[in-house]
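Descriptive analysis of the structure
For reference, the chains in residue letters:
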Amino acid sequence: MIDPVALFLMLLTASTPILFAALGELVAERAGVLNLGVEGMMITGALAGFAAAYHSGNPVLGFAAAALAGALIALPFAVLTQFLLSNQVASGLALTLFGLGLAALFGKPMEGVKAPTMAPGPLGLHWIVWLGLLMVPLIWWFLNRSRAGLILRGVGENHDAAHALGYDVRRVRIAAIAFGGAMAGIGGAFISVATVLQWTEGMTAGAGWIALAIVVFSNWTAPGVLAGAWLFGGVTVLQLRLQAAGVRVPVQLLSMAPYLATIVVLVAISARQKFSRRAGSTAPGSLGQDFHALR
Amino acid sequence: MTEGAVLRAEGIGKSYPGVRANDDVSFAVAPGEIHALLGENGAGKSTLVKMIYGLVRPDDGRMLLNGRPHQPADPRAARAAGVAMVFQHFSLFDALTVAENIALGMENPPPRRALSARIAQVSQDFGLPLNPDRRVVTLSAGERQRVEIIRCLLQNPRLLIMDEPTSVLTPQEAELLFATLRKLAAQRTAILYISHKLEEIRSHCDRATILRHGRVVDSCDPRAHSARDLAAMMVGGDMRPIDRSGRQAGEVLLQVKGLSQPAPTADATALKSVALTLRAGEILGIGGVAGNGQDELLAALSGEIRNAPGTILLEGADLSRLGPEARRAAGLLAAPEDRLGHAAVPDFSLTDNTLLTAGARKGLVRKGLIDRPAARAFAQDVIRAFDVRTPGPETAAKALSGGNLQKFVIGREVMQAPRVLVVNQPTWGVDAGAAAAVRQSLLDLARAGAGVIVISQDLDELLELSDRFCALNEGRLSAPLPTQGLTLDQIGLMLGGAHGMEVAHL
């Protein structure tokens with residue numbers, strides 16, 4: 001039968017890509033930026049990381065390149081939304097399409113080659129899994145205990161007030177967007193460099209969208225993101241196990257289970273939150289709004 | 001007096017495209033002085049203080065703070081130089097706690113525990129009770145202002161700027177604020193106080209600088225002048241007194257009985273068995289601090305929210321289950337508070353905006369088709385009768401200034417000759433001239449035999465207009481009292497007194 005410990009370890013691995021992407025998006029959204037380009041940044045990271053790891057033979061370099069590529073491809077989005085005041089939803093969607101297309105184009109020569117591997121960390125888990133778990137308390141601490149995190153939350157909650165107090169709203173947001181891109185890039189590279197070990201077009205398979213949903217599910221908190229990622233990762237691993245065990249349920253139904261479970265939980269949570277604005281923390285006040293300072 | 005001034009401005013000028021916001025402005029604020037900056041909307045008060053606080057840079061002139069040149073590049077530099085500012089709007093972060101809000105306003109905040117202790121200390125010293133761990137979203141307007149004030153006090157400012165601080169307070173809360181300001185002034189802090197509430201300035205300020213069209217037109221001791229004199233200096237000419245004559249209460253027009261409704265959203269207020277009676281020719285004033293059910297009451301009366309049967313009767317007919325269109329047709333009209341987005345569609349022309357509420361009553365829509373010439377003619381009538389300054393009826397609503405759009409929005413309803421008109425905040429953010437015109441039009445409407453309900457947070461306005469006054473407090477409407485002989489103290493108690501201090505019931 002299924003060993004719960006082994007299942008949990010698999011869950012940790014399966015949830016890592018969305019954990020990274022969702023943590024990055026969490027920071028961006030807490031700064032007030034809704035970036036729907038997570039999928040595009042992930043796939044860019046997946047390709048850049050894979051290519052760098054393949055050419056250098058060093059997976060660590062791959063992850064560094066993925067972070068850099070994710071941040072870089074997020075920059076046009078930052079310029080569009082922060083300087084040209086483009087609509088964040090449309091720009092984010094464009095970023096996703098752009099990233100998917102770009103990766104498909106430059107990924108052609110990478111098809112069919114294998115990535116180098118690295119020695120696993122404690123409990124046989126990839127070091128990046130451990131890094132992701134470490135990022136959860138770090139980001140929680142940054143947001144809730146550090147001065148910089150307080151400023152970032154202030155900018156996301158009420159950009160006019162932050163500006164009136166003399167904080168540079170744009171600079172904070174651009175930094176948050178770049179961080180979100182880097183995290184999404186690492187998340188994407190984890191798929192290509194650490195689990196699949198190959199490059200396939202569109203291999204992130206909607207993980208970026210799940211990451212976006214999880215940020216909402218988390219009520220914009222780092223521990224909530226971890227719970228959401230584990231829920232998605234858990235259902236993924238479970239349905240794979242069930243498929244392998246030959247359960248008499250159509251494969252299509254099993255494959256869609258993780259997505260379905262995430263949506264169901266999201267709906268339940270938002271229904272509960274609708275009437276408790278005063279009780280719990282909810283969306284940052286300035287999320288998705290353009291900021292334009294009058295001088 | 002001006003020797004050793006905390007702040008001295010000399011020949012300050014600032015231009016925006018098409019507007020000279022400030023021109024050759026000079027004044028000085030002495031230590032321990034409460035100095036009023038008086039002027040209509042658009043007179044340049046906000047621009048001036050934004051320059052002092054480093055949000056805007058002046059084009060010409062210079063400022064001296066304690067004798068040293070003061071050219072703050074940003075608000076942080078201004079704060080470091082000893083300038084603190086309490087804003088009228090947008091400077092608190094709703095989802096953050098009181099302590100976090102205060103930390104964001106400081107250059108080098110102490111660690112969390114030390115900061116909480118200092119907040120407790122300062123709030124005790126100045127008699128401003130506040131819990132550092134509360135989220136701002138849960139605070140009343142008066143408590144929010146305490147957060148801003150304590151944020152400023154923790155920096156030991158030499159100059160404290162206050163931008164229309166009492167506009168959201170009950171009279172009791174305002175008294176508390178002035179007591180704090182006097183304590184501060186006694187410690188030699190200079191206070192620059194922006195307002196257009198004349199009585200308040202007369203009783204609490206030592207000196208007033210009056211701005212008109214960006215220039216200093218006068219400087220005086222406000223205690224030595226009447227409110228009328230100050231108003232005349234502010235608008236540059238005598239104000240025409242409001243004409244309240246020629247009205248008498250007739251038959252009952254509108255009856256509201258046992259109107260209760262749950263809060264439509266989590267942020268909103270539930271209405272709790274609201275009852276009122278409105279007669280022909282009468283103006284009923286409804287006061288209250290923002291967020292006590294004003295918007296919900298307007299929505300319930302206008303038909304945006306439908307009510308239980310038998311709760312809203314117009315001339316005996318039950319309108320409770322009808323929507324806005326049907327209520328308009330019956331003669332119950334409403335003008336909501338938010339001009340852009342609620343009362344008018346910002347991107348629509350004035351003609352299209354008239355169609356939205358006047359379609360049925362003025363016969364602008366026939367058999368589902370719009371009669372454009374008639375709509376344009378009606379918009380033109382409103383523009384002419386209400387002196388709306390605009391190039392014409394095809395101008396987009398959002399292109400009008402606040403005061404002009406407000407005149408249009410009120411005029412559109414008034415000129416449909418309603419039986420009952422409900423208005424919410426009819427002169428909010430409107431300059432004195434336009435406000436007087438709007439108020440006079442409401443009085444004229446009542447004189448012609450209509451009933452008018454004025455919901456407002458401006459007590460002076462309610463006292464000036466209404467025959468009877470009632471207060472809205474947490475969704476409950478008090479019994480009405482005749483406005484004649486009502487004192488501000490009594491009204492304050494009706495509004496719920498000072499929040500977090502003591503709640504009085506009447």
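Residues numbered from 1 in each chain as written. Chains lettered and ligands numbered in written order. Predicted model: local features only at pLDDT ≥ 70, side-chain atom pairs only at ≥ 80, totals over all residues. Heavy atoms only, no water.

Turning our attention to the overall build of chain B. Along chain B, the regular secondary structure elements total 16 helices and 23 strands. For a compact globule of 506 residues, the expected C-alpha radius of gyration is about 23 Å, and chain B comes in at 24 Å, within 12% of that figure. Principal-axis analysis of the C-alpha atoms gives chain B an extent of 70 × 45 × 40 Å. Long-range pairs, those at least 24 residues apart, make up 66% of the contacts in chain B between residues at least 6 apart in sequence. Carbon and sulfur atoms make up 51% of the accessible area of chain B, which totals about 20700 Å². (Helix = DSSP H or I, 4+ residues; strand = E, 2+ residues; numbered from the N terminus. Rg over C-alpha atoms; globule rule 2.2 N^0.38 Å. Contact = heavy atoms within 4.5 Å. Areas by Shrake-Rupley, 256 points an atom, 1.4 Å probe, with all protein chains shown as cover.)

On to the environment of Arg439 of chain B. Residues and elements named next belong to chain B. Inspection of the secondary structure puts Arg439 in helix H14 (residues 432-447). According to the relative accessible area criterion, Arg439 is buried, its value standing at 13%. A distance of 3.4 Å separates the side chain of Arg439 from the side chain of Thr427, its partner in a polar contact. A polar atom in the side chain of Arg439 sits 3.3 Å from the side chain of Glu464. (Buried < 20%, exposed > 50% of the residue type's maximum accessible area, 1.4 Å probe, protein only. Polar contact = N/O pair within 3.5 Å; in protein donor to acceptor, adjacent residues only side chain to side chain.)

On to the interface of chain A and chain B. Listed per partner, the contact involves 24 residues of chain A and 31 residues of chain B. In total, chain A and chain B occlude about 2500 Å² of area from one another, counting both sides; carbon and sulfur atoms represent 54% of this. At the boundary of chain A with chain B, the tally comes to 1 salt bridge. Among the salt bridges present, the one from Arg153 of chain A reaches Glu100 of chain B, with a minimum N-O distance of 2.9 Å. In this structure, the connection of chain A to chain B is made through 8 residue pairs in polar contact (both at pLDDT 80 or more). Secondary structure elements with two or more residues in the side of chain A that touches chain B: helix H6 (147-157) and helix H7 (159-164) of chain A. Tallied by class, residues from the side of chain A that touches chain B come to 9 nonpolar, 6 polar and 9 charged. (Buried area = accessible area lost by both parts, 1.4 Å probe. Salt bridge = Lys/Arg side-chain N within 4 Å of Asp/Glu carboxyl O. Nonpolar A, V, L, I, M, F, W, Y, C, P; charged D, E, K, R; others polar.)

Another aspect to go through is a nonpolar patch on the surface. A cluster of nonpolar side chains, namely Val247, Val249, Leu253, Met256, Leu260 and Val264 of chain A, defines an oily patch on the protein surface of about 480 Å² accessible area. Relative to the helices and strands, Leu260 of chain A resides in helix H11 (residues 251-273). (Patch = residues over 30% accessible without salt bridge, like charges linked within 9 Å, V, L, I, M, F, W, Y side chains within 5 Å.)

What follows concerns the sheet that holds strand E8 (residues 190-195) of chain B. Two pairing modes exist for strands in a sheet, parallel and antiparallel, and in both the strands are linked by backbone hydrogen bonds. Residue and element names in this part refer to chain B. Strand order in this open sheet of 6 strands is E6-E7-E8-E3-E9-E10, and the pairing throughout is mixed. At either end of the open sheet lies a strand with only one pairing partner, and these are strand E6 (83-86) and strand E10 (215-220). Averaged over all pairs of adjacent strands, the angle between their axes in this sheet comes to 20°, without regard to strand direction. With 5 bridges connecting them, strand E7 (residues 159-163) and E8 associate as parallel partners. Across the sheet, Asp163 pairs through a bridge with Ile194, a residue of E8. Contacts from helix H6 (residues 171-186) reach strand E3 (34-38), E7 and E8, with the element oriented near 150° to E8. (Pairing = 2+ DSSP bridges. Axes fitted to C-alpha atoms, helices over the stretch in contact; angles between N-to-C directions.)

Take the UniProt feature "transmembrane region" (unreviewed entry) in chain A next. Residues and elements named next belong to chain A. Per the UniProt entry, the sites bearing "transmembrane region" (unreviewed entry) are residues 31-53, 60-83, 89-107, 119-143, 174-197, 209-233 and 253-271 in this numbering. Between the C-alpha atoms that bound residues 31-53 the distance is 32 Å, and the span itself is 70% helix and 0% strand. Between the end C-alpha atoms of residues 209-233 the distance is 14 Å, and the span holds 84% helix and 0% strand. (UniProt positions renumbered as here; feature names shortened; annotations may be inferred.)

To continue, consider the packing of helix H13 (residues 402-414) of chain B against H14 of chain B. Residue and element names in this part refer to chain B. At a closest axis distance of 10 Å, the pairing of H13 and H14 adopts a crossing angle of 10°. Considered as vectors, H13 and H14 are oriented roughly parallel to each other. Contact with H13, carried on its side by Gly403, Lys407, Ile410 and Val414, involves Ala434, Ala437, Val438, Ser441, Leu442 and Leu445 of H14 and no other residues of that element. Here the residues of the contact of H13 with H14 are counted per class, giving 7 nonpolar, 2 polar and 1 charged. (Parallel < 35°, antiparallel > 145°, perpendicular 65-115°, else oblique.)

In this section: the sheet that holds strand E11 (residues 252-261) of chain B. All names here are of chain B. Spatially, 4 strands are ordered E12-E11-E14-E15 in an open sheet, and the strand pairing comes out antiparallel. In this open sheet, the two edge strands, each paired with only one partner strand, are strand E12 (271-279) and strand E15 (317-318). With 6 bridges connecting them, E11 and E12 associate as antiparallel partners. Looking at E12, one finds that Val252 is bridged to Arg279. On the sheet, helix H9 (residues 294-302) packs against E11, E12 and strand E14 (312-314) and is oriented at approximately 120° with respect to E11.

Our focus in this paragraph is helix H10 (residues 222-244) of chain A. All names here are of chain A. Here H10 spans 33 Å end to end across 23 residues, near enough to the 33 Å set by a 1.5 Å rise per residue. Structurally, the start of H10 carries an N-cap: the backbone nitrogen of Gly224 is 3.2 Å from a side-chain oxygen of Thr221. Backbone geometry just after H10 places Gly246 at a positive phi near 70°. (Expected span 1.5 Å × (residues − 1).)

Glancing now at the side chain of Glu157 of chain A. All names here are of chain A. Take Glu157: it is sitting in helix H6. On the basis of relative accessibility, which here comes to 8%, the residue Glu157 falls in the buried class. Polar contacts involving the side chain of Glu157 include one to the main-chain amide nitrogen of Gly285, which spans 3.1 Å.

Applying the stated criterion to the full structure yields 3 aromatic pairs over all chains. Look at Phe232 of chain A and Tyr259 of chain A: their rings are 5.4 Å apart centre to centre, the planes differ by 80°, and that puts the pair in the edge-to-face class. Of the two residues, Phe232 of chain A is situated in helix H10 and Tyr259 of chain A in helix H11; the sequence distance between them amounts to 27 residues. On the basis of relative accessible area, Phe232 of chain A is assigned to the buried category, the value being 8%. Given the relative accessible area of 32%, Tyr259 of chain A is considered partly exposed. Centre to centre, the rings of Phe178 of chain B and Tyr193 of chain B are 5.7 Å apart; their planes meet at 40°, and the pair counts as tilted. Taken together, the residues Phe178 of chain B in helix H6 and Tyr193 of chain B in strand E8 connect sequence positions 15 residues apart. Lying across the ring of Tyr16 of chain B, Lys14 of chain B places its NZ or CZ 5.5 Å from the centre. (Phe/Tyr/Trp six-rings, centres within 6.5 Å; stacked < 30°, edge-to-face > 60°. Lys NZ or Arg CZ within 6 Å of the ring centre and 35° of its normal.)

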